[in-house]
Amino acid sequence: MISLLLQADCWLILPIILPLSGALVSFLRKSRPRWPGLIFSLLASLAGGSLAWKVMLHGAGRYDLGGWQPPLGISLRADGPAVLMVLMTAVTGLAISIYAGGYFRSRIAGREGDRRHVIQERFFWPLWLLLWGALNGLFLSGDIFNMYITLELVALSSVGLTALSGKPASQVAAMRYLLVSLLGSLSFLLGVGFLYKVYGTLELAAIQAVISLSPPVGVAMTMISVGLMLKTALFPFHFWLPPAHANALAPVSAILSALVIKGGWYLFFRFWQGLIPLIGDSGGLVVAALGGGAIIWGAFQAFSQQRLKMLVAYSTVAQIGYLFVVFPLLAGGGGQGAAAPYYFAISHSCAKGAMFLAAGTIFLQMGHDRIRDLDGVRQLLPKTAFAFALGGLSLIGLPPTGGFIAKYMYLSLAVGQGRWPLLLLLVMGSGLTAAYIFRAVAHILSPKMVSGSRQAIVAPGMEWSALALALVAIILGFIASLPLAVLQVTG
Amino acid sequence: MRQNWLLIMILLSSLLPGLVIFSLAESRRGMRTCLNLFGAIAKMVLVLVMIVGITRGQRFEFHLAMLPGLDLVLRADPLSALFVTLSSILWLLTTIYAIAYLENSPNRSHFFGYFSLCVTVTIGIALAGNLLTFLFFFEMLTLCTYPLVVHRGTAEAMAAGRVYLIYTLGGGGLLFLGVVWLNSLVGSVDFSRGQQLAPFVRSHGLTLKIIFYLLLAGVGVKAALFPLHSWLPQAMVAPAPVSALLHAVAVVKAGAFGIIRIVLDVYGLETAAHLDLLFPLMVLATVTIIYGSIHALRQDNLKHRLAFSTVSQVSYIALGISIGSPLAIMGGMVHLVHQGLMKITLFFCAGNVAETLGVHEISRMNGVGRRLPLTMAAFTLAAMGMIGLPPMAGFVSKWYLGLGALARGEGWLIGVLVVSSLLNAFYFLPIIYAAWFKEEEGEWPVDSGKAGPLECHWMLIAPPVITAVVSLLVGLLANSNLSPLAWVRFIVRTGYGL
C-alpha cells in the first residue's frame, strides 16, 4: 500500500477513486449521508488540486490501470488540459458540496420539512459523487472507449440528479434529458466503433497521429461530433437544457451548468484539436456558425425570461456558443488559440456555478424567482446578491474577472487573424449578455427596501459558498498566468 | 521594493475601508465615518509621499503579469500625480459632505462602500501605466458608479441608470476593441509618448486612425463629448454628493484624462498630428463647448444646468490637448484641476439649496442668498471662476488656452472662448442675481432649519467653502511654486519635453 502510494503515477487515479468511494460510502450510510458526502468532497478536491500541483511541477503523467499497456488496457493520462479541467471540477465541486450541505439542512429544517427532502438528500450525495468521479475519469482518460464509459456514467448520474426534485416539470425534463443523452452516447459509441475498426486502437493520441480522411473516418467523426453536440446542448441541440437545468434542485442546476456540459465539450475539443487541418476552414466555420447561433439565440431567450433560473439556464445555452466559436481561430493562433476556450470554460464554471447557487438561495428565501419581484433581495441576502452580480460580470467579460481575460484572448485572436464577422459576433454577444445580466441584477441589487421582514431560512454555508465561487471568478482575472502554465504542460 | 508597494497601498487605502463598510450594519455610523476619514487621510499622506518622491526623481512602478506579454502596470508619473492628488483631496471633502447629506437616509453602508470603490478605481485610472491597465480600471468605474446613480431606487433613477449603463458599457466595448486591436498590432501599449506607434504610421496609417476613433469614442462617452453626452444630464437624479463626484473627480474626469493619455501618451503629439487626428478632435471639442453652453441656458433645473455646463467645460481639456502647443496643453491639463474644484463647489451648493430649502428650480431661487449666505457666496465664487473672470481659477485655464491657440495660429479659437465665456455668464449671472438681489417669494418648500449660528449642518458648509476658497487661491497664486499650474508646467517640461 505504502509503495503504491509512493509510486508517482497513482496520484492520477485518486481524483477518480476518491469520489467513487465517497459515492459508495454515502450510499451505504442511508440515514446520514451528509457527512461522508462532505468529507469525500473535500478529499476529492484535495486529490484534484494535488494532481494539478504535481503535474505543474513534474510534467504530465500517465497511468495504465492494472499495468496493462494500450491497446489492451485502460490508460489514463494527465496532461495540461485534462488536469486543468480536473482542477476546475475540484474547485467548483467543493463549493457546490458545501452549498448542498447547507441547502439540505435548511430544507429539512424548514417549514415544509418532510420526508421528501430527506429522500432527496439520501440520493443526492451518492449520485453527485458518482458524477464527480466519472467526470474526472472522462477528463483523464486517454482512450476513446473509456471516454464512452465515463460519458455514459456522467449522463446517467446527471439524469438521476435532474429527476431528484420530483416536480412534474423536472420529471419531464429528466426524461427528455435521458433520451437525448442516450441518443448522443449511442452516436458517440458508433463513431468509436468505426474508428476502432479502421485503426485497431482505442488510444486517442495514437489515432490522431495517423488519422486521414476516408469515408468511414468521416462518418465516425461526424457521429462522434453530433453525439457530443447533443450532450453539450450546442444550438440547435439545446432544447433539452433550459427545462432540465432550471427545474432541478439548486445544487444540481449548478453541477449541470458549471461542470457537466464541459465534459461533452472537452471531448469534442480533444477530438478535433489537432485535426483542424483535416477538415479545413469550412468545417471549423460550420461549428463556429452553430456557436454563433447559440450566442445570439441563447442571449435573446435569456433576455425574455421571466424567471431567474430560466434566465441563467438560457445564459448557459449562449455561453456554450463561445466554447465552439473558437474553432476557426485554432489554426492560425498557435498555442494561444487553444488556451482561450479553456480559460473561458474555467471562468464560466466558477461564474455560472456561483450564479446558479445564488439563484437557488434566492428562490429558497423568496419562495419564487420571478425577476421583477426580486427588488430588495440585497437586504435579505447581501452575500448571495453580490455573488450573483459578480458571476454576471464575469459572464459579460468585464474586469476584474476571469471572463474579461477570456474575452480578451478571444478578441485578440479574432483581431490578429482579421476575422471581422467573428469579432462582430463576439462584441454583440457581450452586449447581449450585459443586457440580460443587468436586467436581473438591476432588480437583485436594487436599493428598494423589502416590505416586511422575512424569517431567515438560509444556512450561512449557502451564502458563503456562492460568494467564494464568485470570488474565484474574480481571482481568475488576476492570476491568468497560473492556469495558462498548467495548460501548457503536454503529455 | 518599498516604492512598488506604495502604489498598491494608495489603492488599498480606499479599497479596504470600502470593503469593510459594505459589511457594516446600517446603524454603525461612527465606525463608518471613522473608516472613511481614516482611509481618506491615509491616502492623502501616501500621495504626499509619492509626490515628494516624484519631484526627487524616484520611480514608482508595480507590475503584475496578466497574460503572456501583457502586464497590469501601475506607474506614477507627474500627470498621474496631478489626477491622484485631485481625486484624493476631493474624495475627503465629498465624504465629509456626504456624511451630513445622507444623514438618516437608507442604504448608507452600500453608498459609502461603492463611494470608496469608486475612488479606488479612479486612482487606478490615474496610475495606469499602460493601455490595458487603463481599460481595466476604466470599465470597473462604470460598475462602481452605476449603483450610486440608481441609489434612490425610484423609477426615474432606474431609468437613468439604464441609460447610463447603455452608454458607458457601449463605450467600454469600443474602447476594449480598440485596445485589443492596438495591442495586437504593436504589442503591449505602454504610455510612451507614441514611440511605439511611430514605426507603424506609414504601413498602418488607416488602421491607426480607426483605432484612434474607437478609443476616442470609448473615453468620449465618459467625458460627455458631443454627441455621446446624453447620459450625463439624466444621471442627475443621483444624490448631490454623487453628482459632485461624477462631475468633478470620477467619471467625466476619467474620460477627459483618457483623452489626454490617448493623444499624448499612446499616439504622441507628432504621430497624432501626422495622422490628422488633432483637428477633428478640436472641432468636436469646440462643438461640445458651444452646444453644452446653449443647452445649459435652457435648463431651469439647477442640477441640469450644471450638468450641461460640465459637458461644455470638460471639453476645454480636450480642446487644449487638440491644439497641441505647450501653453494650450498646460491650459487643458490645469483645467482638469480647476474645473474639478469649481464644479464640485457648485454641486455642493446646489445640494445644500435642494436639501435645506427643497428648491430645485432656478426660477424659485429668489433670495436664497439671504437664507444661505455662505453657500451662495461659495456658489458665486465658483460661478465667476467658471465664467473665467480674473483672478479666479477658470481665468487661468482660459488664458493659457487662448495663448496656446494663438501660438498655433488658430486665432478663431479665441472667438470660441469668448462666446463660450459669454454664454457661461448668461447662464450663471441670473442665478447669482436672483439669489442675492431678488426678494424671497413667500415660504420655502421645506426648511430644515438652522443649525446653531450656521445656516445648515457645518459638514454641508465647510466643503463648498473650502473648495471655493481654494479655487480662488489657485487662480490668485497661479505663479507660485505650489499651484496646480506650476505642477502642470513641470509635467509639460519633464514629461513631454515641450
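Analysis parameters
Residues numbered from 1 in each chain as written. Chains lettered and ligands numbered in written order. Predicted model: local features only at pLDDT ≥ 70, side-chain atom pairs only at ≥ 80, totals over all residues. Heavy atoms only, no water. Helix = DSSP H or I, 4+ residues; strand = E, 2+ residues; numbered from the N terminus. Rg over C-alpha atoms; globule rule 2.2 N^0.38 Å. Buried < 20%, exposed > 50% of the residue type's maximum accessible area, 1.4 Å probe, protein only. Contact = heavy atoms within 4.5 Å. Areas by Shrake-Rupley, 256 points an atom, 1.4 Å probe, with all protein chains shown as cover. Lys, Arg positive; Asp, Glu negative; His and termini not counted. Charge placed at Lys NZ, Arg CZ, Asp CG, Glu CD. Expected span 1.5 Å × (residues − 1). Buried area = accessible area lost by both parts, 1.4 Å probe. Salt bridge = Lys/Arg side-chain N within 4 Å of Asp/Glu carboxyl O. Polar contact = N/O pair within 3.5 Å; in protein donor to acceptor, adjacent residues only side chain to side chain. Nonpolar A, V, L, I, M, F, W, Y, C, P; charged D, E, K, R; others polar. Patch = residues over 30% accessible without salt bridge, like charges linked within 9 Å, V, L, I, M, F, W, Y side chains within 5 Å. Phe/Tyr/Trp six-rings, centres within 6.5 Å; stacked < 30°, edge-to-face > 60°. Lys NZ or Arg CZ within 6 Å of the ring centre and 35° of its normal. Core = buried A, V, L, I, M, F, W, Y, C linked by side-chain atoms within 4.5 Å. pLDDT = per-residue confidence, 0-100. Disulfide = S-S within 2.5 Å. Axes fitted to C-alpha atoms, helices over the stretch in contact; angles between N-to-C directions. Parallel < 35°, antiparallel > 145°, perpendicular 65-115°, else oblique. Left-handed = near helix turned anticlockwise from the far one by under 90°. Pairing = 2+ DSSP bridges.

Section: the overall build of chain A
(1) Moving on: Summing up its helical and strand segments, chain A has 21 helices and two strands in all.
(2) Moving on: Here the C-alpha radius of gyration of chain A, 21 Å, is about what a compact globule of 491 residues would show, namely 23 Å.
(3) Moving on: With the C-alpha coordinates of chain A rotated into their principal frame, the extents come out at 70 × 55 × 40 Å.
(4) Moving on: Considering chain A as a whole, with its 491 residues, one finds that 62% of them fall into the buried category.
(5) Moving on: Counted over contacts in chain A with a minimum sequence separation of 6, partners at least 24 positions apart contribute 82%.
(6) Moving on: Carbon and sulfur atoms make up 70% of the accessible area of chain A, which totals about 17,300 Å².
(7) Moving on: Separation between the mean location of the 31 positive side-chain charges and that of the 14 negative ones in chain A comes to 7 Å.

Description of helix α7 (residues 168–199) of chain A
Residues separated by three or four positions in an α-helix point in the same direction, a consequence of the helix having 3.6 residues per turn.
(1) Moving on: For α7(A), which comprises 32 residues, the first-to-last C-alpha distance of 46 Å matches the rise-based estimate of 46 Å (1.5 Å per residue) to within 8%.
(2) Moving on: Note on α7(A): the residue one or two positions beyond its end, Gly200(A), has a positive phi of about 65 degrees.

Description of the interface of chain A and chain B
(1) Moving on: Across the contact, 33 residues belong to chain A and 31 residues belong to chain B.
(2) Moving on: Taken together, the two surfaces of chain A and chain B that pack against each other cover about 2,700 Å², and 79% of this comes from carbon and sulfur.
(3) Moving on: Of all residues in chain A, the largest losses of buried area upon contact with chain B belong to Tyr408(A), Pro447(A) and Phe478(A), amounting jointly to 23% of the total for that side.
(4) Moving on: The tally of links between chain A and chain B comes to zero salt bridges.
(5) Moving on: Joining chain A to chain B, the criterion identifies four residue pairs in polar contact (both at pLDDT 80 or more).
(6) Moving on: Elements with a minimum of two residues in the side of chain A that touches chain B: α16 (377–380), α17 (382–396), α18 (402–416), α19 (420–444) and α21 (481–488) of chain A.
(7) Moving on: With nine residues, α18(A) is the largest single contributor of residues to the side of chain A that touches chain B.
(8) Moving on: Classifying every residue of the side of chain A that touches chain B gives 23 nonpolar, seven polar and three charged.

Some remarks on a nonpolar patch on the surface
Residues and elements named next belong to chain A.
(1) Moving on: On the surface, a nonpolar cluster with roughly 580 Å² of combined accessible area is contributed by Leu24, Val25, Phe27, Leu28, Val118, Ile119 and Phe123.
(2) Moving on: It is helix α2 (residues 14–28) that provides the largest number of residues to the nonpolar patch, a total of four residues.
(3) Moving on: Along the chain, Phe27 turns up in helix α2.

So, the packing of aromatic side chains
Each aromatic ring pair is characterised by the separation of its centres together with the angle its planes make.
(1) Moving on: All chains considered together, the criterion is met by 45 aromatic pairs over all chains.
(2) Moving on: Their ring planes at 45 degrees and their centres at 5.0 Å tell us that Trp487(B) and Phe490(B) sit as a pair that is tilted. Highlighted residues: Trp487(B) and Phe490(B), both in helix α20 (residues 484–495), separated by three residues, approximately one helical turn.
(3) Moving on: Residue classification places Trp487(B) among the buried residues on the basis of a relative accessible area of 16%.
(4) Moving on: Grouped by ring-pair contacts, the aromatic residues Trp265(A), Phe268(A), Phe269(A), Phe324(A), Phe327(A) and Tyr342(A) constitute a single cluster.
(5) Moving on: The ring of Phe303(A) carries Arg439(A) above its face, with NZ or CZ at 5.6 Å from the centroid.
(6) Moving on: Positioned over the ring face of Phe138(B) is Lys222(B), at 3.9 Å from the centre of the ring.

Brief notes about the environment of Cys456(B)
All names here are of chain B.
(1) Moving on: Positionally, Cys456 belongs in the loop between α18 (412–437) and α19 (458–476).
(2) Moving on: Under the relative-accessibility criterion, Cys456 is labelled buried at 4%.
(3) Moving on: Along the chain, Cys456 and Arg371 lie 85 residues apart, while their C-alpha atoms are 9.8 Å from each other.

Structural notes on the nonpolar core
(1) Moving on: Formed by 381 residues in total, the largest nonpolar core has its most connected members in Phe124(A), Phe188(A), Phe327(A), Met50(B), Tyr267(B) and Phe428(B).
(2) Moving on: Not counting residues within four places of it along the chain, the set of residues in contact with Phe327(A) comprises Phe268(A), Phe269(A), Trp272(A), Ile276(A), Gly284(A) and Val287(A).

Re the confidence of the model for chain B
(1) Moving on: Residues of chain B with pLDDT of at least 70 account for 98%, and the chain-wide mean is 86.
(2) Moving on: Here the prediction assigns the complex a pTM of 0.92, and the interface score ipTM is 0.90.

Structural notes on the environment of Met44(B)
Residues and elements named next belong to chain B.
(1) Moving on: Along the chain, the position of Met44 falls in helix α2 (residues 29–55).
(2) Moving on: Judged by its relative accessible area of 29%, Met44 is partly exposed.
(3) Moving on: Discounting residues that sit within four places of it in the chain, Met44 has contacts with Ser88, Ile89 and Leu92.

Brief notes about unusual backbone geometry
(1) Moving on: Pro236(A) follows Phe235(A) through a cis peptide bond whose omega is 0 degrees.
(2) Moving on: Mapped onto the elements, Pro236(A) comes out in the loop between α9 (215–232) and α10 (241–247).
(3) Moving on: Between Pro390(B) and the following residue, Pro391(B), the backbone shows a cis peptide bond with an omega angle of 5 degrees.
(4) Moving on: Along the chain, Pro391(B) falls in the loop between α16 (373–387) and α17 (393–407).
(5) Moving on: Backbone geometry at Asp276(B) places phi at a positive 60 degrees, although glycine is not the residue there.
(6) Moving on: Here Asp276(B) lies in the loop between α11 (269–274) and α12 (278–297).
(7) Moving on: A relative accessible area of 52% places Asp276(B) in the exposed class.

Section: the side chain of Asp265(B)
Residues and elements named next belong to chain B.
(1) Moving on: Within the fold, Asp265 resides in helix α10 (residues 251–267).
(2) Moving on: At 2.7 Å, the side chain of Asp265 forms a polar contact with the side chain of Arg261.
(3) Moving on: Here Asp265 is in contact with Leu79, Asp190, Phe191, Ser192, Arg193, Gly194, Ile260 and Tyr496, once residues within four sequence places are set aside.

As for the state of the cysteines
All names here are of chain B.
(1) Moving on: All told, the structure shown has zero disulfides over all chains when counted by the stated rule.
(2) Moving on: With no disulfide of its own, Cys144 has Cys118 as its nearest cysteine by sulfur position, at a separation of 5.9 Å.
(3) Moving on: Using a relative accessible area of 8% as the deciding quantity, one classes Cys144 as buried.

So, the packing of α2(B) against helix α3 (residues 78–101) of chain B
All names here are of chain B.
(1) Moving on: Contact geometry of α2 with α3 gives a least axis separation of 10 Å together with a crossing angle of 160 degrees. In this view, α2 runs roughly antiparallel relative to α3, as classed from their interaxial angle. As for how α2 packs across α3, the hand of that crossing is left-handed. Across the interface between the two elements, Arg29, Thr33, Asn36, Leu37, Gly39, Ala40, Lys43, Met44, Val47, Met50, Ile51 and Ile54 of α2 pack against Pro78, Ala81, Val84, Thr85, Ser88, Ile89, Trp91, Leu92, Thr95, Ile96 and Ile99 of α3.
(2) Moving on: When grouped by side-chain class, the residues that make up the contact of α2 with α3 number 15 nonpolar, six polar and two charged.

As for the side chain of Thr95(B)
Residue and element names in this part refer to chain B.
(1) Moving on: The topology assignment puts Thr95 in helix α3.
(2) Moving on: The class for Thr95 is buried, based on a relative accessible area of 1%.
(3) Moving on: Dropping the residues within four chain positions of it, Thr95 is found in contact with Asn36, Phe112 and Phe115.

A closer look at the pairing of strand β2 (residues 75–78) of chain A
Residue and element names in this part refer to chain A.
(1) Moving on: Of the two faces of β2, the one holding Ser75 and Arg77 and the one holding Leu76 and Ala78 are both buried throughout.
(2) Moving on: Two elements, strand β1 (residues 61–64) and β2, share four bridges in a ladder whose sense is antiparallel. Its bridge partner being in β2, Asp64 is matched across the sheet by Ser75.

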